[in-house]
Amino acid sequence: MKVLWSWLLELCDLDRQPTVEEGARALTRGGLEIEGITDLGAGFSGVVVAEVVGKRPHPQADKLTLVDVITERGGAATQVVCGASNVPEPGRKVLWAQVGATLPNGLVLAPKPVKGIVSPGMLCAEDELGLSEDHAGIVVLDDDDRTPLGAPAQRALGIEDWLLELNAPANRGDVLGHLGIARELIAVLRGKLVPPDVDLSAHLAAHLAAPLAGAGPRVDIVIQDPEACPRYTARVIDGVRVDKVGNALARRIAQRLRGVGVRPISNIVDVTNYVMFELGQPLHAFDAQTLTAGVIGISHASDGEKFTTLDGIDRTLVRGDLMIRDGGRGIALAGVMGGLESEVTDKTTRVLLESASFRPLTVRRTARRLGLHSEASHRFERGVDPELAQLASARAARLLCLVGGGQVLGDVVDAYPQRRTVPAIPVRLSRVRMLTGVALESSTCRDALERLGCVVRSSRGRPAEGAVEDARINSGDETFDVTPPSTRVDITREVDVIEEILRVVGYEQVTSTLPAMRQAPGVRPRDRAELARAALAQAGMAEAITFGFQSIERNAALGLPGTDRRMQPITIRNPMSIDQAAMRTSLVPNLVAAIARNASHGRPDVALFEVGSVFLRRGEGVSERPLHELADEPVWAAGVLAGRRPGHIGAGTPWDALDAQGFALVAIRAVAGDVRVRTRAVKTVSYLHPGVTGELVIGADIVGWFGELHPEVRNRLGVEGPAYAFDLDLTKLALAAPSQMQPIARFPGSARDVSLLLGEDIPAARIEDVIEQANEPLVAAVRLLEDYRDAKLGEGKKSMLWSIAYRAADRTLTDFEVDKAHENIVARLVDNLPAQRR
Amino acid sequence: MTDSDHALAELTIQQLDGFATEFARAIEPLVDEQSIRAVQAQFLGKKGKVGEVLKIVGKLPPADRAKVGAAGNKIKNTIEHEVARRLGELVHAAARADLARTFDVTLPARPHGGGHLHLLTQVRLEAVQIFSELGFVVADGPQIETDWHTFEALAIPKEHPARDMQDTFYVSEEIVLRTHTSPVQVRTMLTQPPPIRIVAPGHVYRRDDDPTHSPMFTQIEGLAVDEGISFADLKGVLIHFVSRFFQRDLTVRLRPSYFPFVEPGAEVDMQCSFCMGAAVSPPCRICKTTGWVEIGGAGMVDPDVFAQCKVDSEKYTGFAFGMGLERMAMLRHGVNDIKFYYEGDLRFLEQF
Ligand SMILES: [Zn+2]
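Residues numbered from 1 in each chain as written. Chains lettered and ligands numbered in written order. Predicted model: local features only at pLDDT ≥ 70, side-chain atom pairs only at ≥ 80, totals over all residues. Heavy atoms only, no water.

Caption draft 1: View of the overall build of chain A. The helix and strand inventory of chain A stands at 19 helices and 39 strands. Radius of gyration (C-alpha) of chain A: 42 Å, far over the 28 Å computed for a compact globule of 838 residues. By its C-alpha atoms, chain A is 130 × 85 × 65 Å across when sized along the principal axes. Among the 838 residues that make up chain A, the fraction classed as buried is 51%. Pairs at least 24 residues apart make up 70% of the contacts formed inside chain A by residues separated by at least 6 positions. Entry remark: accessible area of chain A is about 38,200 Å², with carbon and sulfur atoms responsible for 51%. Within chain A, one finds 97 positive and 108 negative side-chain charges whose respective centroids are separated by 2 Å. (Helix = DSSP H or I, 4+ residues; strand = E, 2+ residues; numbered from the N terminus. Rg over C-alpha atoms; globule rule 2.2 N^0.38 Å. Buried < 20%, exposed > 50% of the residue type's maximum accessible area, 1.4 Å probe, protein only. Contact = heavy atoms within 4.5 Å. Areas by Shrake-Rupley, 256 points an atom, 1.4 Å probe, with all protein chains shown as cover. Lys, Arg positive; Asp, Glu negative; His and termini not counted. Charge placed at Lys NZ, Arg CZ, Asp CG, Glu CD.)

Here it is, written out as structure tokens:
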């Protein structure tokens, strides 16, 4: 809401005149946030109102005039050279930019010879003051202009003013007019409201000059649905002249409208907008001669009904839309926009003025559905006080007569089937004190409410017998019955009144205390995601956080089979871009894309992880259906590696799949503790290289995968070189119980090595399995010392050197015992793998 | 006893005494233990010089035996002492030589650790930690939420103008991406009777995209419901939080504002941690010289919300607040564009 400071002050009689900054602070403190203040007259300075007292032609140039001006009645005249053709006769006022004046283009005026005669400054045209593009002539003030001589030109131009940008809360329809804001200002700064002049006595038509065609003074109003239209008033003003320029008042109205960001249209339409910005009541003016039925009906549209709004667009209506009708014919969409056929035009001489109240929901639905957001609908959606209708109608009628030369025909016709009664709200002082935590006095509360225009009708009760005065707790049962002003449709409950009291008293009166510590039942389990994050960062990876949504294409880059839940992402109906159209079903694509992004910044070495939710449709099977239930949001951990490990002096060595496995194990152990994680080679993970994919298994559960990214997948996401990844479903991991201390090994163990020649395709895990299956109780640890491949070993062969540590808890082992256990294991390896001992 | 016997004893003693000089000269140039021990053996070994000379002791008269024996012990002691001294010297020399070694300690350090938690994670963990000191525990809820939990239960029905304040991503008519973490309030109150003290950090989504708004961002929600919870308690909790988070005594200003699910409602401003409200040069850009920066919204839980969540609003009162973690991190770490948080750009991530 744009607010003109001068307009606001006009409606207040404040105990002390505030500066605009003080006013803005007062409103902001009360909850009407002023987001900006613009000085409308800041464009120029040093330009004053001067009166022409004489003029004659320049002796050296035909087109120049020497003008004598004064800035003080009876003062000495100054001669200014002027090039305009419209220099007025003596007695009229012009705007003189004196020596030292600064103009909007930055020019600072100095005495300047013009064809041999020095001119002390200049007389200004509109464009020179930045008022318009007009350079047709100098500004000449109206002959009835009352601005004193010597006053700043801003005052004469009505721009000695400030524009305030007010951020109106969504529940405060009452502050969408200057009058409502004035009410707030007087509540905070103390003062009285100065209601606008609505006196129509000078404008009533004495008699009907002639029989009337079209809507006459007596219109009937029929409201079909009083819920949707609690009040409708109409009145007719006859004999108006529609005029684009208008008289001084019309120009002043137009100027104020421009100030609040509304384009002036004509004197008649401007008045309706002016009163809307003044009082907050939207109005509509119909050309009364286009109305023929003599009955204004307010009724719902029928489905498919056609209507042409005044912007010339044909609209198709639905049943919920509310129509204003002339008889049966639609003439306006209630509270949203008028119709083309009944619009006020240049030829209009009689207007029917609507001042009505419509239900917020009805207006909002229609405005939203048609995408028609007008100043009127904006206000109706937030609630317009039905009590305003008559006042606004009278105010507009008066102004219409003053600017359009019309007369009011008859009385206002007022259909008010649902008079809103404002019930008194009981408010307990004890509750005020408890909720705010402030020991407010009864008188303070009463004063605050009265300053807002509430009627505080009675107070009853007294402090309970023997009650101790305590700010925090109940200090008696004093109760107010508070009737808010009708404009404050947002105040309906005790708590609303408490907020009003606190607003006026000032939130800064609230001291600070801390609530007591209270134990809530239940213990929240440790957070898998936080455990994994901390461990992965500690292990040397950098954490990324990426958007929860991505393009459908990026999601599909995983190349999973169509039946996989991850290939049926939950889509957004109204995404801001196609890059945010689908909820992610995997953390991998965004991370792979981040490799490409970092590479483009010259950072090819990447070790990134993310721990976060992915979003999956519930249940199995392909689904294009819109989602009607919540999604599964399991927490996954994924990481990607590209380029090289951190180097020391010189580059590091390239990452490989086993780094991805190592980081995966770091995350798993952080959550699940020291569990046995088995690895098996699989070819089934579509986004990993079929020959370099490890599946991580705990017990019978597959908890994730690691490996090299599938070359096609990474190419699709813009990554050129090899890259590695892990992908873990953290919800599959059981949280580790606190680890229990094991006895410290007191007796030394001893190790034996075995070197094997075996088939290249036998995985390392197989050797560990065979050793485990031997079930040899003395085995304490198994380590791979060498994994060696060479053509000299023979086709398809490799050599592996393993070291097996043996230990007993209760004694030092003899060589005999160790050798026996070792030979047993070696024999099994040779037989089962099969392998040769080297 | 003859003179010649006597002379032999004298001669033997002289000979033994002479070994001292001879031994000292022999080991003088030696610099390793092995050679010194070899020379020692030449004198004191089984067939060493000292032993050879002392073989005549048996032929001497008893009176001289003692004198010669004493000389023999003396030279043995002298040699052993000399050996120990020289070996000690060698150890010291080796230690000195070792300490003379140098190494270029200005070479680059070998990298260890080197990982990074995301700035938002660090800020979230710290915020949760601070609130936990006041007895708040973490709660969470889904990011894909029902319209009911996100809006209706929070007194924002379908056609409410307040929905304009939060442009919503819709999944379907009834399912939305939550626009705030406030649905966690609803879920908590529906499942847990008061007393309640929760904080709920999490991602939220709004159709908004500019240098200070991201379509996904992170909020932290707080909710306390109990008997006797007041607006002053809300203010105290917020002051505690900003002061701990920014590590200086900051005050909080509550400014009347409207959120449908709290009444009274407030915008939360904190004292500008950059200029502390003082006039500085150049003028403070963070607070635009107002001395205050907006960090969130807050208020007392609206009775309508309590009613939806089956909490007795006569018996219990409560406060709720919500803040953007990106903004807190921006204020504390000078991040100047919200998009940096979500791009996975190591040039950003590695700074924290
Ligand atoms: Zn500042």
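Caption draft 2: Structural detail: the overall build of chain B. Looking only at helices and strands, chain B has 11 helices and nine strands in total. Relative to its length of 352 residues, chain B is extended, with a C-alpha radius of gyration of 45 Å against a globular reference of 20 Å. Judged by the C-alpha coordinates and their principal axes, chain B covers about 140 × 45 × 45 Å. For chain B, restricting intrachain contacts to residue pairs at least 6 apart in sequence, the fraction spanning at least 24 positions comes to 69%. For chain B, the accessible area works out to roughly 15,900 Å², and carbon and sulfur atoms hold 54% of it.

Caption draft 3: Structural view of the pattern of salt bridges. Residues and elements named next belong to chain A. For the coordinates displayed, the defined rule picks out 89 salt bridges over all chains. As a salt-bridge pair, E305 and R325 come within 2.8 Å of each other at their nearest N and O atoms. Of the two residues, E305 sits in the loop between β16 (295-300) and β17 (306-308) while R325 sits in strand β19 (residues 322-326), which places them 20 residues apart along the sequence. Note that E387 is salt-bridged to R419, the shortest N-O span being 3.9 Å. Here E387, found in the loop between α8 (375-382) and α9 (388-404), pairs with R419, found in the loop between β23 (407-415) and β24 (425-428); they are 32 residues apart in sequence, far enough to count as distant. Take R419: its relative accessible area is 56%, and that puts it in the exposed class. Salt bridges linked by common partners bring R172, D174, E184, R488, D490, E500 and R503 together as one network. (Salt bridge = Lys/Arg side-chain N within 4 Å of Asp/Glu carboxyl O.)

Caption draft 4: Molecular detail of the side chain of S377 of chain A. With respect to the helices and strands, the residue S377 of chain A is situated in helix α8. In contact with S377 of chain A, not counting residues within four places along its chain, are G335, V336, V363, A367 and L372 of chain A.

Caption draft 5: Local environment of the coordination of the zinc ion. Residues and elements named next belong to chain B. Of the protein atoms, only C272 (SG), C275 (SG), C284 (SG) and C287 (SG) coordinate the zinc ion, at distances of 2.2 to 2.3 Å. Taken together, the four donor atoms coordinating the zinc ion and their angles of 104 to 113° define a geometry best described as tetrahedral. All donors of the zinc ion come from a single chain, and their spacing in sequence reads C-x2-C-x8-C-x2-C. No difference in accessibility class separates C284 from C287, as the two residues are buried. (Donors = N, O, S within 2.8 Å, 3.2 Å for Na, K, Ca; no water. Tetrahedral: all angles 85-135°; square planar, octahedral: opposite > 155°, others 65-115°.)

Caption draft 6: Focus on the pairing of strand β33 (residues 688-698) of chain A. Residues and elements named next belong to chain A. Across four bridges, strand β32 (residues 678-681) lies against β33 in antiparallel orientation. Residue pairing across strands places A681 opposite G694, the latter belonging to β33. Hairpin remark: β32 followed by β33, antiparallel, with six residues in the connecting loop. Sheet topology places β33 next to strand β34 (residues 701-709); seven bridges connect them, and they run antiparallel. The residue bridging T693 from the neighbouring strand is G707, located in β34. (Pairing = 2+ DSSP bridges.)

Caption draft 7: Inspection of the interface of chain B and chain A at higher detail. With 94 residues of chain B in contact, the opposing surface of chain A contributes 87 residues. Together chain B and chain A conceal approximately 7,400 Å² of surface at their shared face, both sides included; 58% is due to carbon and sulfur atoms. Interface area lost by chain B to chain A is led by I144, E159 and P256 of chain B, which between them contribute 9%. For the salt bridge of R493 of chain A with D302 of chain B, the shortest nitrogen-to-oxygen distance reads 2.6 Å. There are 36 residue pairs in polar contact (both at pLDDT 80 or more) connecting chain B and chain A. A per-element tally of the side of chain B that touches chain A places helix α8 (residues 231-246) of chain B first, with seven residues. (Buried area = accessible area lost by both parts, 1.4 Å probe. Polar contact = N/O pair within 3.5 Å; in protein donor to acceptor, adjacent residues only side chain to side chain.)

Caption draft 8: How the structure looks around the sheet that holds strand β5 (residues 61-70) of chain A. Residue and element names in this part refer to chain A. Spatially, five strands are ordered β6-β5-β4-β7-β10 in an open sheet, and the strand pairing comes out antiparallel. Looking at which strands have only one partner, the edges of the open sheet turn out to be β6 (78-82) and β10 (122-123). Pairing of strand β7 (residues 93-102) with β10 involves two bridges; the strand directions are antiparallel. Each residue of the ladder has a partner; that of A97, found in β10, is M122.

Caption draft 9: Quick peek at a nonpolar patch on the surface. A cluster of nonpolar side chains, contributed by I649 of chain A together with F103, V105 and L107 of chain B, occupies part of the molecular surface with about 470 Å² of accessible area. Tracing the backbone through its elements, the reader meets L107 of chain B in the loop between α4 (62-99) and α5 (119-132). (Patch = residues over 30% accessible without salt bridge, like charges linked within 9 Å, V, L, I, M, F, W, Y side chains within 5 Å.)

Caption draft 10: Quick look at the sheet that holds strand β13 (residues 220-223) of chain A. Residues and elements named next belong to chain A. With mixed pairing, the five strands of this open sheet are ordered in space as β13-β16-β19-β20-β21. In the strand order of this sheet, the two ends are held by β13 and β21 (337-338), each with one partner. Two strands pair when backbone bridges link them, and β19 and strand β20 (residues 329-333) are joined in this way by four bridges, in the antiparallel orientation. Bridging across to β20, I324 finds its partner in A332.

Caption draft 11: How the structure looks around the pairing of strand β36 (residues 750-759) of chain A. Residue and element names in this part refer to chain A. With seven of 10 residues buried, β36 is to be regarded as a mostly interior element. Two elements, β36 and strand β38 (residues 797-806), share 10 bridges in a ladder whose sense is antiparallel. Residue pairing for β38: S755 is matched across the bridge by L801. Relative to strand β39 (residues 835-837), β36 runs antiparallel, the two sharing three bridges.

Caption draft 12: Spotlight on α8 of chain A. All names here are of chain A. Among the eight residues that make up α8, six are buried, leaving the element largely enclosed by the rest of the structure. Within α8, the full set of buried residues consists of A376, S377, R379, F380, E381 and R382. Those residues of α8 that are buried are in contact with α6 (267-279), β22 (350-357) and α7 (360-370). Note on α8: the residue one or two positions beyond its end, G383, has a positive phi of about 95°.

Caption draft 13: Examining the environment of F615 of chain A more closely. With respect to the secondary-structure elements, F615 of chain A resides in the loop between β30 (606-613) and β31 (635-642). By relative accessible area, which is 1% here, F615 of chain A ends up buried. Distance in space between the C-alpha atoms of F615 of chain A and G548 of chain A is 8.3 Å, their sequence separation being 67 residues. Not counting residues within four places of it along the chain, the set of residues in contact with F615 of chain A comprises G548, I570, M583, R584, T585, D632 and E633 of chain A together with Q143, I144 and Y205 of chain B.

Caption draft 14: A look at the domain arrangement of chain B. Per the domain assignment, the segments making up chain B are domain 1 (3-100) and domain 2 (119-349). If you average the C-alpha positions of domain 1 of chain B and of domain 2 of chain B, the two centres end up 91 Å apart. (Domains from an automatic or database assignment.)

Caption draft 15: View of the nonpolar core. Counting residues in hydrophobic clusters, the biggest one holds 126 residues, and the most contacted among them are L608 of chain A together with F321 and Y341 of chain B. Examining the composition of this core, we find that 10 residues originate from one element, α8 of chain B, more than from any other. If sequence neighbours within four positions are ignored, L608 of chain A has contacts with M541, A542, A544, L591, A594, N598, A638, G639 and V640 of chain A together with G344, L346 and L349 of chain B. Grouped together as the second largest cluster of nonpolar side chains are 95 residues, W5, V242, I268 and V413 of chain A included. (Core = buried A, V, L, I, M, F, W, Y, C linked by side-chain atoms within 4.5 Å.)

Caption draft 16: Quick look at the packing of helix α10 (residues 429-436) of chain A against helix α12 (residues 494-505) of chain A. Residues and elements named next belong to chain A. Packing of α10 against α12 brings their axes to within 10 Å, and their N-to-C directions diverge by 65°. By the angle between their directions, the pair α10 and α12 is classed as roughly perpendicular. For the crossing formed where α10 meets α12, the hand is right-handed. For the pair α10 and α12, the contacting residues are R431, V432, L435 and T436 in the first and E494, V495, I498, I501 and L502 in the second. For the contact of α10 with α12, a count of residues per class yields six nonpolar, one polar and two charged. (Axes fitted to C-alpha atoms, helices over the stretch in contact; angles between N-to-C directions. Parallel < 35°, antiparallel > 145°, perpendicular 65-115°, else oblique. Left-handed = near helix turned anticlockwise from the far one by under 90°. Nonpolar A, V, L, I, M, F, W, Y, C, P; charged D, E, K, R; others polar.)

Caption draft 17: Fine view of the packing of aromatic side chains. Counted by the stated rule, this structure contains 22 aromatic pairs over all chains. Ring centres of Y507 of chain A and F231 of chain B lie 5.1 Å apart, and the angle between their planes is 75°; this geometry places the pair in the edge-to-face category. You can see Y507 of chain A sitting in the loop between α12 and α13 (528-538) and its partner F231 of chain B sitting in helix α8, one on each of two chains. On the accessibility criterion, F231 of chain B (0% relative accessible area) is buried. Among the aromatic residues, ring-to-ring pairing joins F547 and F549 of chain A together with F169, Y205, F340, Y341, Y342, F348 and F352 of chain B into one connected group. Above the ring of F277 of chain A, the side-chain terminus of R379 of chain A is found at 4.7 Å from the ring centroid. (Phe/Tyr/Trp six-rings, centres within 6.5 Å; stacked < 30°, edge-to-face > 60°. Lys NZ or Arg CZ within 6 Å of the ring centre and 35° of its normal.)

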